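# Close look at the chain arrangement
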Amino acid sequence: MMEERSEGVILALIGMLLYGLEPVVISYNPVNPISFAFFSAFLASLILLPFANFEEVKVNWKRGLFIGFFGTFLAYLAYSFGTKMSSSVNAALITRTEVLFSFILSYVILGEAISKSRIAYSTLVIIGVVLVMTQGKRVTLNPGDGLLLLVPLFWQMGHVIAKRTKAGPQTIALLRNSFGALFLFVPALLTGISFTLYSVVEGVIIALGQLIWYSAIKRIDLSLATAIITPAPAVAIGIALITGTPVTPWHIFGFLFITVGTLGLTRD
C-alpha cells in the first residue's frame, strides 16, 4: 500500500513538472486558441490510440464522453473566453482554486478524508503561487473571472468521473481527448480553424501528462494528487527565471511557500 502511494506521489510530482510546461507552449501559440485546443486534443488522441484497450473503450465510452465534455470542452471554452475578458494573471491564480473544488468534490462524492495538514499545506502552496504571480500587487477583478472560476470546477468534475471509471489511464485519456476534440470541432470552425506546429508539442504534453495524471489518481486520493500539482504554474515561472527574467523577493518568498507546502503534501 505504501509502495502504491509513493508511486502515486511521484507520478503527481512528474505531472506537476510536465503541466508546468503548458503555459510556456500556449504562450507561443499564434492561432485561434479554440482551434489550437481542437488540434492539440485531436493529436493527443492519435498518440494515445495505439495504447488503448478497446474492450475498455466499448464499456466506458459514455463516461469518457462526460470526461471530455467537462474536463476538455467546457473547461477550455471557459478558460479561453474568461482569459480574454480578464487577464492571464487572474486566469493563473483563479484556476489554482482547483484544489479547493477537489477537496469538496472528493469529500462529498468520493468519500475521501481531507486532513487538516493537507488543507494547511495546500494553503501554503496557494499563498506561494499568489506571491509569485502578483509580485505583491493588487489583482483587479474582471467580468471574465466568473468564467475562470468555472474552469477548475469543470476539471474536477471530469476527474471525479475518471476516478470512478474502471479503465486504464491510456483508455481514459484517449476517450477524454477524442470526445474533447469532437466537441471542440464546431467552435473551432466557427471561430476560424487554423493549424500550428505548437499544437503538436501541446498534443504530446497532453497525452503524456494525462497518462501520468490518471495513473497517479489510480494510486492516491484525487484531493492529494490535485494539491501536489497545484504549483504547476510556478514551474513555468521558474523556466522564465532561468532564461533571464529578473528575480525579485516575491519570487523567493513565493517559491519558499510552494516548496514547503509541496514537500509537506508528499508526506501527508
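A brief look at the structure comes next. Here the structure is a predicted model, which is why all the values come from computation and not from measurement.

Right, let's talk about the packing of helix α6 (residues 98-110) against helix α8 (residues 145-163) for a bit. Interaxial distance between α6 and α8 falls to 9 Å at its minimum, and their mutual angle equals 35°. Both α6 and α8 take part in a crossing whose hand is right-handed. For the pair α6 and α8, the contacting residues are E98, F101, S102, L105, I109 and L110 in the first and L149, P152, L153, W155, Q156, M157, H159, V160 and K163 in the second. The residue inventory of the contact of α6 with α8, partitioned by class, reads 10 nonpolar, three polar and two charged.

We describe a pair of aromatic rings using the distance from one ring centre to the other and the angle between the two ring planes. In total, this model carries 10 aromatic pairs according to the counting rule given. Aromatic side chains Y28 and Y198 sit 6.0 Å apart centroid to centroid with 10° between the ring planes, which places their arrangement in the stacked category. One end of the pair, Y28, is in the loop between α2 (22-27) and α3 (33-48); the other, Y198, is in helix α10 (residues 198-219), with 170 residues separating them in the sequence. When its relative accessible area of 34% is taken as the criterion, Y198 is described as partly exposed. Look at F69 and F183: their rings are 5.4 Å apart centre to centre, the planes differ by 75°, and that puts the pair in the edge-to-face class. Here F69 is found in helix α4 (residues 54-85), whereas its partner F183 is found in helix α9 (residues 169-191), with 114 residues between them in sequence. Look at F69 and you get partly exposed, because its relative accessible area is 26%. When its relative accessible area of 24% is taken as the criterion, F183 is described as partly exposed. Site record: aromatic cluster; members linked through ring pairs are F38, F39, F42, F185 and F195.

Conventions adopted
Residues numbered from 1 in each chain as written. Predicted model: local features only at pLDDT ≥ 70, side-chain atom pairs only at ≥ 80, totals over all residues. Heavy atoms only, no water. Axes fitted to C-alpha atoms, helices over the stretch in contact; angles between N-to-C directions. Helix = DSSP H or I, 4+ residues; strand = E, 2+ residues; numbered from the N terminus. Left-handed = near helix turned anticlockwise from the far one by under 90°. Contact = heavy atoms within 4.5 Å. Nonpolar A, V, L, I, M, F, W, Y, C, P; charged D, E, K, R; others polar. Phe/Tyr/Trp six-rings, centres within 6.5 Å; stacked < 30°, edge-to-face > 60°. Buried < 20%, exposed > 50% of the residue type's maximum accessible area, 1.4 Å probe, protein only.

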